[in-house]
Structures are given as structure tokens and as C-alpha cells.
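What follows is each chain in one-letter form.
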Amino acid sequence: MSGTDKLMTVHLVSMGCARNDVDSEELAARLETGGFRLVDDPEQAETVVVNTCGFIEQAKKDSVDTLLAAADLKETGSTKAVVAVGCMAERYGRELAQALPEADAVLGFDDYDDIAGRLQTILSGGSIKAHVPRDRRTLLPLSPVARQAAADEVAAPGHHTAPVAGQHTASSDRAAAPARTEEGQAGEGQASSGSPAATPNPAETAPDLPAGLAPASGPRARRRRLGSGPYAPLKMASGCDRRCAFCAIPRFRGSYLSRPRQEIVEEARWLVDHGVREVFLVSENSSSFGKDLGDLRMLEKLLVDLDRVAGLDWVRVSYLQPAELRPSLVDVMLTTPKVVPYFDLSFQHASGPLLRRMRRFGDAESFLGIIDDIRRRCPEAGFRSNFIVGFPGETDEDVAVLHDFLAQARLDVAGVFAYSDEEDTEAATLDGHVPDEVIEERRSALADLVDELMTQRAEERIGERTRVLIEDVDAQTATGRAPHQGPEVDGTVCLPDAMGLHVGDLVDVTITGCEGIDLIGELA
């Protein structure tokens, strides 16, 4: 039996958004350097770790169902422990642990730095007391520009850096953070008395990281790719300073914190070395990047930096706030060769008065102005957004405004979601709640409209010549994405009879048809 076979085995399940996927890859790296072997089959794992989503009710239900399914493996497979991490675990902590005794531990963000030690404690028969949730916005200074100095003391997935042994490279934006100690994590998340001591920081004990782990040179957040496709999400910031009335994310993700620009660029280079041709910049609010580093134009500079990364072909930006879409950012996105013209804009609604009630900005006229200005410069640009129907106080007139906006905007992709109360949000306390049956009636009607409009927009692209990044190939058919299609949710381009192509190829294609939002093309 090899030394690798003797390692403790762990299977990671990542729920929710691309930001969670990045966090899962950080956890994977920390586990692998801490004495665990990652396995693809949960039935072969001693521990199953579920990186949960805590955003909306359905996502929470999916996370709980996944934890329960993993717990069933304790009766039939090799699994000895099931552990919840991620947003839902952070948001509910002890409450989730009490409601879900099938999970052997509920770990919050403060446990990530020593995730391997926590799992070793559980597997050896010890226990980890679940934390009592707190408003993580209070952990960093109110002033954005004061946060970087305090960031080393706050657990933020994707932000903690640790130099490889014998190496130390200061970032251009701030110096490397010292490794956190177990004493720095004291509190509710500590192991119970009698459990094994926490594992040392691997960066201080191992001269080399296992193959496939970031960083190749430090400092940078640890990461191990869990997939092998030609695209990868790349976290540029975490947290949010906005106070949208319906959203609980800032409470459990914390205040907005940017990663140093050079650190992101170096991670992009590492991803390219591991087969990536497209990076997908993710955060809770990408257009705010750099405000805590003293530069409100830092996203523009980052995009130019990434354009110079050898071997990287596409750079995609997610989740831009319409109110923060400044002209200089649009200019860079439309003129920088490797930045795809893809605008993921968080509209949420189109009625001005209702948006104010949501504590957001804008209206149908200003949103259409943004779209029209971009399309005049770049007709092939892609647009996607999400909309909430049934927010407290929403009237039939508000819904009519949203209906007309959608018809005029001709978005490539739009999601329509029914409002539901989320605890610890202002919206839950507002008057004018819309009856559930009315919300569902409005959602269903708008979803039908959106499906029709998205198909029409796809039909408008027939005859268009574009590039496609190939993501899947079978005997005769290749499937990929065009620049206007974000990963996993925005449709695909199917190329029948495309023999000889390989995953990761970037090819010129003429669009010849569509099936819903999915396009059909042929090699140009």
C-alpha cells in the first residue's frame, strides 16, 4: 500500500455559486496539505464535507438534502463523518447543528484555516462545538480604506495567504499576511478538551506543496483545482457594503474586502498553468473592487493586467451593480482584447419606486440607457440579470413596468425569482406583503415572457460569427460557449459533426440555429 493510500480520505461537495466553488478549492488545498486525500466518490470517503449555500430558501433546502444524503452513507459506505461548511453553516451555526444532528459538525469560516485539524479531531472521536453566528460586518472597520490593515485578523475565505516555506513575496497592494495561529481562532469553534492539537500551518512545515496546489510562489491563498475544464472562477473580493433590503449575504459574508491586484494576477497565471483559458472574476459586488485599496478604478487596471497574462484567452466579469457601472469601466471592458463583452448586471427590478423600497438605485429608463449605449458600441455584447417578483409593496403597475422593460431590454439571459422573507433582513419587517398566490402568478407569467424573449434574442444571433471555447467533446459533437455565455447558466453552442476538436480549443464559429437559449453553429 502506498503512502497516499494511507491518507485519510475526504469528498467535497460544493453547493451554490461560483464563489463557493473557489472556497471549496481553497478547502481542498488545505485538506490535502493537512494529510487528507481527496476522492471523487463519496462512498469511498471517510469524511464528506458539504460546502453549503445559505442564500435563499430553495438553496438551503438543497444543502440540507445533500447533508442528509451524505449522512446515509454512514450506514452503507466508508463514511464516518459528515461536515457542513459554507454560507449556510456560517449563517446558522449552532442552530443548524441542533436542527441537523445527522451532521457530525457545523464549521464556520473561522475554522477554514485549520480545516484539516478540525476533521482529524472529528475522525478521532472528538467534537467541535458549533459557533454562535454573528454579524460579520462588525469584524472590519466601517471605513473601507481602513480594512486592509485589519484583514489579517478576520477569516475571509479566499483571502488568507501563506507563503511557501523559504519564500516571501510582498504584494504590490499590501504585504503578505502572517499565518494565523490557533490562538487567533479561539472561541466557539475550538475543539473540545481532550481532542488532538490543531495541525501546524503546512506552509511552515512542508518545503513543497503537492502537485496541483497554489501557490507556485507565494504569497497567495491556497487552492487546488477540483475540475479540469478550460474555465475557472477567480475570486477578486468578498463581502458587500450594500444594504439591499431583501439580502442577508452581507451579514454572514461580512463587509467588502478586495484581494490585492497582483495576487489575483498571479493566481490567474497559476490557473493558466493548470489548463485554464478563461477566468471568471467573481465576488458579491465586482464593480466595487479596489475601494478599500484606495482606488475606485482598480478593476479597470486589473482587467488590463489580466489581458497581459500569457496563455489566458478570455476574462469575464460577474455581478456588476448598474449604479456603479462607470464609463471608464465600460470602456475597458469593450476595448481590452481578452475581456469578453459580457455584462452581468444586477437589476433586480425596473420600477423606480419599488427599487428605492428595496434600497437600490435606478429605473427602467436608466437601465435601458446602459444597455443601449453598450449595444451601440458592441452589438454582440451579452447581457444577463436576475429579477425579484413580489417584493413587499409591489403593485400591478410595478409589474407592468418590469414587463415592458424586459420586452425592450432583450436580455440574453434573465432569471425571475419569487420573493420570500429572509430572517435578519429589512424586507421581512416591511408592510405590504404580497400574498403567495399572487407572487407565484406574477412569477409564472414573467418567467414565460422571459423564456420567449430569450429565445427571440438567441434567434437574433443566427448568422453571427463568433468564437467558441470548447468544453465538451464526444464522438462527433463538440459543445462550448460564446463570449456572451457565462459558465453553466447562460446556454451553450453545439457544433454537430465537429470531429477533431479538443476541450480547451478556441474556434471561430458561425451561428446557424438555436434551441431556446442554446445555439447551434458550424466551424467558420
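For the structure, check the block above.
Residues numbered from 1 in each chain as written. Predicted model: local features only at pLDDT ≥ 70, side-chain atom pairs only at ≥ 80, totals over all residues. Heavy atoms only, no water.

Regarding the side chain of Ser24
Relative to the elements of secondary structure, Ser24 occurs in helix H2 (residues 18-33). Taking the relative accessible area as the measure of exposure, Ser24 reaches 1% and is therefore buried. Apart from residues no more than four positions distant in its own chain, Ser24 is found in contact with Leu12, Ser14, Asn51 and Leu226. (Helix = DSSP H or I, 4+ residues; strand = E, 2+ residues; numbered from the N terminus. Buried < 20%, exposed > 50% of the residue type's maximum accessible area, 1.4 Å probe, protein only. Contact = heavy atoms within 4.5 Å.)

Some points on the side chain of Asp295
Mapped onto the elements of the fold, Asp295 is located in the loop between strand E11 (278-282) and helix H11 (298-307). When its relative accessible area of 17% is taken as the criterion, Asp295 is described as buried. Within the local environment of Asp295, its side chain forms a polar contact with the backbone nitrogen of Arg297, the two atoms lying 2.9 Å apart. Setting aside chain neighbours within four positions, we find Asp295 in contact with Phe289, Gly290 and Lys301. (Polar contact = N/O pair within 3.5 Å; in protein donor to acceptor, adjacent residues only side chain to side chain.)

Examining H2
In this model, H2 (16 residues) spans 23 Å end to end at C-alpha, consistent with the 22 Å of a helix rising 1.5 Å per residue. Among the 16 residues of H2, 15 are classified as buried, and the element is accordingly described as predominantly covered. One or two residues past the end of H2 sits Gly35, with phi positive at roughly 105°. (Expected span 1.5 Å × (residues − 1).)

Notes on the sheet that holds strand E19 (residues 506-515)
The strand order E16-E17-E18-E20-E19 describes a closed barrel built from five strands, whose pairing is mixed. Averaged over all pairs of adjacent strands, the angle between strand axes in this sheet comes to 50°, irrespective of strand direction. Of the strand pairs in this sheet, E19 and strand E20 (residues 518-523) are connected by six bridges, and their pairing is antiparallel. Bridge pairing links Gly513 to Ile520 in E20. (Pairing = 2+ DSSP bridges. Axes fitted to C-alpha atoms, helices over the stretch in contact; angles between N-to-C directions.)

Describing the nonpolar core
Grouped together as the largest cluster of nonpolar side chains are 97 residues, with contacts concentrated most on Leu281, Leu303, Phe405 and Leu406. A domain-level breakdown of this core finds at least three residues from each of domain 1 (8-132) and domain 2 (210-459). Sequence-distant contacts of Leu406, that is, excluding residues within four places in its chain, are made with Phe387, Leu411, Leu446, Leu449, Val450 and Leu453. Listed in part, the 21 residues of the second largest apolar core include Val13, Met15, Val48 and Cys53. (Core = buried A, V, L, I, M, F, W, Y, C linked by side-chain atoms within 4.5 Å. Domains from an automatic or database assignment.)

Quick word on the pattern of salt bridges
This model, assessed by the stated rule, comprises 54 salt bridges. Across the pair Glu278 and Arg316 runs a salt bridge, and its minimum N-O distance is 2.6 Å. With Glu278 in strand E11 and Arg316 in strand E12 (residues 314-317), the pair connects residues that are 38 residues apart, well separated along the chain. For the pair Glu278 and Arg316, a shared accessibility class is recorded, and that class is buried. The salt bridge partner of Arg457 is Asp412, with a shortest N-O separation of 3.5 Å. Of this pair, Arg457 sits in helix H16 (residues 436-460) while Asp412 sits in the loop between helix H15 (396-409) and strand E15 (413-418); the two residues are 45 residues apart in sequence, bridging distant segments of the chain. Take Arg457: its relative accessible area is 5%, and that puts it in the buried class. Relative accessible area serves as the criterion here: at 7%, Asp412 is assigned to the buried category. By sharing partners, the salt bridges in this structure join Arg410, Asp412, Arg457, Glu460, Arg461 and Glu464 into a single network. (Salt bridge = Lys/Arg side-chain N within 4 Å of Asp/Glu carboxyl O.)

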